[in-house]
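Here is what each chain is made of, one letter per residue.
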Amino acid sequence: YPSLEHAFQAQKCEKESDREAIQGMSWRDAKSFGAKALKKLGNKTIFHSKKEKIMEALLRDKFLRNEKLQIKLCNTKIRPLVFVNDFKDTFWGFCRQSKQGKNIYGKLLESLRQQFLAGQRQSLLRAWLEDRLSESINDAEISWLVSWLQKTEEREIRLNNTMSFTLGRDADITIHHASCSRLHAALYSISNQAYIV
């Protein structure tokens with residue numbers, strides 16, 4: 001998605017075609033589209049009960065993918081982060097006119113910053129994977145994937161025996177992320193060497 005706002009609004013849509021349509025909109029149009037999609041949902045309470053977790057996952061994804069943003073976030077040290085706005089959002093931010101707001105967005109950023117500063121990259125990667133993978137994957141497989149993602153050299157790894165699996169929306173390991181295709185990648189073991197395609 002072009003922005004965090006686009007990605008968040010897409011989570012309100014039931015149809016894949018609507019989530020794809022949001023990608024080509026301005027952030028304001030995406031926000032409006034998401035609000036309309038939320039009205040169509042049978043139970044808005046379910047979305048509202050999950051929205052903080054959704055935003056937390058999206059922020060984690062954004063900052064894990066962009067080292068420059070990680071550095072900028074960490075350079076704020078221990079300063080309070082406040083999402084001040086003029087559009088009366090008192091849940092995610094702090095409204096300048098009313099001088100009120102929960103500032104949930106700022107608090108989520110502060111929590112993420114604390115994890116980066118504390119060197120908790122492995123736990124962030126684990127949470128990032130758990131956000132995207134199907135519930136059928138076990139803890140050992142998640143640990144293996146976390147260690148694989150942390151490698152900075154060429155990612156050549158050894159698998160047990162002969163093994164292959166696919167990653168994607170309709171694959172052996174299901175990845176729930178808008179940037180992932182139905183069959184996104186495959187991991188094969190040939191002569192005890194692993195190859196990702």
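For the structure itself, look to the data block above.
Draft legend 1. Region of interest: the environment of D86. With respect to the helices and strands, D86 occurs in the loop between β1 (84–85) and β2 (94–95). Given a relative accessible area of 44%, D86 falls into the partly exposed group. Separated by 11 residues in sequence, D86 and Q97 have C-alpha atoms that sit 6.8 Å apart. When near neighbours in sequence (up to four residues on either side) are disregarded, D86 contacts R96 and Q97. Among the polar contacts made by the side chain of D86, one reaches the side chain of R96 at a distance of 2.8 Å.

Draft legend 2. Just the packing of helix α4 (residues 44–65) against helix α5 (residues 67–74), in detail. Where α4 meets α5, the axes come as close as 5 Å, and the angle between the chain directions of the two elements is 110°. Here α5 runs roughly perpendicular to α4, going by the angle between their axes. Residues K62, F63, L64 and R65 of α4 lie in contact with α5, whose contacting residues are E67, L69, Q70 and L73. Of the residues contributing to the contact of α4 with α5, the split by class is four nonpolar, one polar and three charged.

Draft legend 3. Fine view of the pattern of salt bridges. Following the criterion strictly, the structure yields five salt bridges and no others. Between E56 and K53 there is a salt bridge whose closest N-O contact spans 3.5 Å. A residue pair is termed a helical-turn pair when its members lie 3 or 4 positions apart in one helix, as E56 and K53 do in helix α4 at three residues. Assessed through its relative accessible area of 23%, E56 is described here as partly exposed. Measuring nitrogen to oxygen at the nearest pair gives 3.9 Å for the salt bridge that ties R126 to E130.

Draft legend 4. Region of interest: helix α7 (residues 121–132). Its 12 residues give α7 an end-to-end C-alpha distance of 17 Å, which sits within 8% of 16 Å, the value for a rise of 1.5 Å per residue. Turning to α7, its buried residues are L124, L125, A127, W128, L129 and R132.

Draft legend 5. Looking closely at a positive patch on the surface. Residues K15, K36, K39, K40 and K44 make up a contiguous surface patch of positive charge. Among the elements that make up the positive patch, the one with the highest residue count is helix α3 (residues 27–40) (three residues).

Draft legend 6. Quick peek at the packing of aromatic side chains. Evaluation of the coordinates by the stated rule reveals five aromatic pairs. Arranged with centres 5.5 Å apart and planes meeting at 85°, the rings of F8 and W92 form a pair that is edge-to-face. Taken as a pair, F8 in helix α1 (residues 4–10) and W92 in the loop between β1 and β2 lie far apart in primary sequence, 84 residues in all. Exposure class is identical for F8 and W92. Each is buried. One aromatic cluster is present, built from ring pairs that chain together F8, F47, F91 and W92. For K51, the ring lying beneath its charged end belongs to F91, and the centroid distance is 4.1 Å.

Draft legend 7. Broad picture of the side chain of K12. Tracing the sequence through the fold places K12 in the loop between α1 and α2 (16–22). Buried charged residue K12 carries no salt bridge. Nearest counter-charge: E5, at 6.1 Å.

Cut-offs used in this document
Residues numbered from 1 in each chain as written. Predicted model: local features only at pLDDT ≥ 70, side-chain atom pairs only at ≥ 80, totals over all residues. Heavy atoms only, no water. Helix = DSSP H or I, 4+ residues; strand = E, 2+ residues; numbered from the N terminus. Buried < 20%, exposed > 50% of the residue type's maximum accessible area, 1.4 Å probe, protein only. Contact = heavy atoms within 4.5 Å. Polar contact = N/O pair within 3.5 Å; in protein donor to acceptor, adjacent residues only side chain to side chain. Axes fitted to C-alpha atoms, helices over the stretch in contact; angles between N-to-C directions. Parallel < 35°, antiparallel > 145°, perpendicular 65-115°, else oblique. Nonpolar A, V, L, I, M, F, W, Y, C, P; charged D, E, K, R; others polar. Salt bridge = Lys/Arg side-chain N within 4 Å of Asp/Glu carboxyl O. Expected span 1.5 Å × (residues − 1). Patch = residues over 30% accessible without salt bridge, like charges linked within 9 Å, V, L, I, M, F, W, Y side chains within 5 Å. Areas by Shrake-Rupley, 256 points an atom, 1.4 Å probe, with all protein chains shown as cover. Lys, Arg positive; Asp, Glu negative; His and termini not counted. Charge placed at Lys NZ, Arg CZ, Asp CG, Glu CD. Phe/Tyr/Trp six-rings, centres within 6.5 Å; stacked < 30°, edge-to-face > 60°. Lys NZ or Arg CZ within 6 Å of the ring centre and 35° of its normal.

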